[in-house]
Amino acid sequence: MDSPISSMPVIQVSFSTLNLEATAAWYREVIGFLPGGAWQGVTGPEAAAFLGFPSCNADLMWLLDSTDLFQLEFFQFSDPASVPGSRRPDDAGWSLVGLYVDDLDAVLARLREAGSQVGPVLGDKPERRVCTRDPEGVWLELRERVPGVSLTRTIREAPVTTAFVRVVVTDLAGAQDFFCDALGLRDTGAVLHTEADEELWGSPATSATSCVLSAEGFHDGPVIELVQYETRVPQPLPEGYRVSDQGILNVAFGSRSPGIYDAVLDRFRASGFQLHAELKVASARGHFAVGAEGLSVEFLTVPDLETEQLLGFGPKGTFPEPH
C-alpha cells in the first residue's frame, strides 16, 4: 500500500500593488473581504533573503474571507520598486483569482458605483459568473455561491470565499508533475472552465486542456486550476520580471503542522527545486521558492492561534518585527 502523501492546502494569495491602501479598501468595501491586520516596513536582511532580493522594503496588509487559515496578502514595495504591468487570464503565470460571493447583484452594483470594469454575466441564477478587474488590473472571476452549501474550511461569517487560482502554463504535464509530485497535490477531476468561458474575459472561444488540483481533503477550495491552451501561445511574463512587480505575486501552501510543512519541503528539495532562505516569526516558519515555469510559490507553517493572529489570519493584530 502506498504511504499517504503529505500536502498542504492553499492558505494565501499574495499581490504586489502600487497603491496598497486603495486596493485593500476596494476589496473590503466592494467585494466584502474582512480586515486581517498589517505590517509596516518589511525590511532587513532576513526579509530580503526570504523574498530572494539583495534588499527590500515594503508595507503589507492582510484581508480575510470565510475560510479557516486563509488570507489575501497585499504588498507595496519601495525596494525593489514595483514595475507596473497588467496580465490577462489567458497570459502565462498566475493569472486570475476566483471568488464565491453571497449576493452577486449587490457586488455588481458596488462595482459599477466604484467605476470598476464589469464583463458579461454568464449563466443563470444561482450559478451566474462574471469577471472584473481590481484597481491594480488583476482579474477576478465572481461566482454566485449556491445557497445552503457549506464548504469544508468555512469558519466565519463573510460574504465572500476564495474558490480558485488560475495559472496558465505552456507544459501541462510538466506543471502537473511539479504540483503533484513536488507539492503533493491531487487532481480533483473537476472542470472550472470550457472554451466558451473565454467570453468572461473578452477572448474568443479557444480550446484548452486543464486540471483542478487540491491538497488531500481540501477539494472544495481554494483549488489550483492549471490551463494549457492548445492553439494559442500565452503571453509570457515580461523579461526581468520580479515578484515585486504589479499583479499576482504568488500562492502560499501551508499547514498548522510543522511536521507536514517539513515533509513537503523535503519532497520539494528531493524534486530538484531550490528554496529561498527561511523566515521565522514567533512560531511560524516560511520559504519562498521558484517552481515549474518560473512560478513563485510559498510554504508556511503557523502552529498556534496567537501567531495566526500576528500573521493576519485572525481578525486582529499587527505583524511584529521579524527575528
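Cut-offs used in this document
- Residues numbered from 1 in each chain as written.
- Predicted model: local features only at pLDDT ≥ 70, side-chain atom pairs only at ≥ 80, totals over all residues.
- Heavy atoms only, no water.
- Pairing = 2+ DSSP bridges.
- Helix = DSSP H or I, 4+ residues; strand = E, 2+ residues; numbered from the N terminus.
- Contact = heavy atoms within 4.5 Å.
- Axes fitted to C-alpha atoms, helices over the stretch in contact; angles between N-to-C directions.
- Polar contact = N/O pair within 3.5 Å; in protein donor to acceptor, adjacent residues only side chain to side chain.
- Buried < 20%, exposed > 50% of the residue type's maximum accessible area, 1.4 Å probe, protein only.
- Arc of directions from axis to C-beta.

S.K.: What am I meant to see in the sheet that holds strand β6 (residues 129–133) here?
M.R.: Paired through their backbone hydrogen bonds, the strands of a sheet run either parallel or antiparallel. In spatial order, the strands read β6-β7-β5-β8-β11-β10-β9; together these seven strands make up an open sheet with mixed pairing. Two strands close off the open sheet at either side, each with one partner strand: β6 and β9 (186–187). Of the strand pairs in this sheet, β6 and strand β7 (residues 139–144) are connected by five bridges, and their pairing is antiparallel. Paired with R129 across the bridge in β7 is R143. Contacts from helix α3 (residues 104–114) reach β5 (93–101), β6 and β7, with the element oriented near 150° to β7.

S.K.: Could you clarify how one ought to interpret the side chain of T206 in this entry?
M.R.: When you line up the elements, T206 lands in the loop between β9 and β10 (208–214). Within the structure, T206 has its side chain in polar contact with the backbone oxygen of P204 (distance 2.9 Å). Of the polar contacts made by the side chain of T206, one reaches the side chain of R232; its length is 2.4 Å. Beyond its immediate stretch of four places on either side in the chain, T206 contacts E195, E198, Y229, T231 and R232.

S.K.: How do you make sense of the sheet that holds strand β3 (residues 57–64) when you look at a structure like this?
M.R.: Here we have eight strands laid out as an open sheet, ordered β2-β3-β4-β1-β12-β15-β14-β13, and mixed in their pairing. The two strands at the open ends of the sheet, each matched to only one other strand, are β2 (34–43) and β13 (279–281). Geometrically, the sheet is characterised by an average inter-axis angle of 20° between neighbouring strands, direction not taken into account. Bridging between β3 and strand β4 (residues 71–79) involves seven bridges; their strand directions are antiparallel. Paired with W62 across the two strands is E73, which belongs to β4. Helix α1 (residues 20–31) contacts β1 (10–16), β2, β3 and β4 of the sheet and is inclined by roughly 5° relative to β3. This element, helix α5 (residues 258–270), spans β12 (247–255), β14 (284–290) and β15 (296–301) of the sheet and lies at about 20° to β14.

S.K.: How do you make sense of α3 when you look at a structure like this?
M.R.: Residue pairs spaced three or four apart in an α-helix point in one direction, given the helix's 3.6 residues per turn. Along α3, the positions that sit buried rather than exposed are L104, V107, L108 and L111. The buried side chains of α3 occupy one side of the element, clustering within an arc of 100° when seen end-on. Those residues of α3 hidden inside the fold are in contact with α1, β5, β6 and β7. One or two residues past the end of α3 sits G115, with phi positive at roughly 80°.

Worth remembering: the numbers are spatial, not functional.
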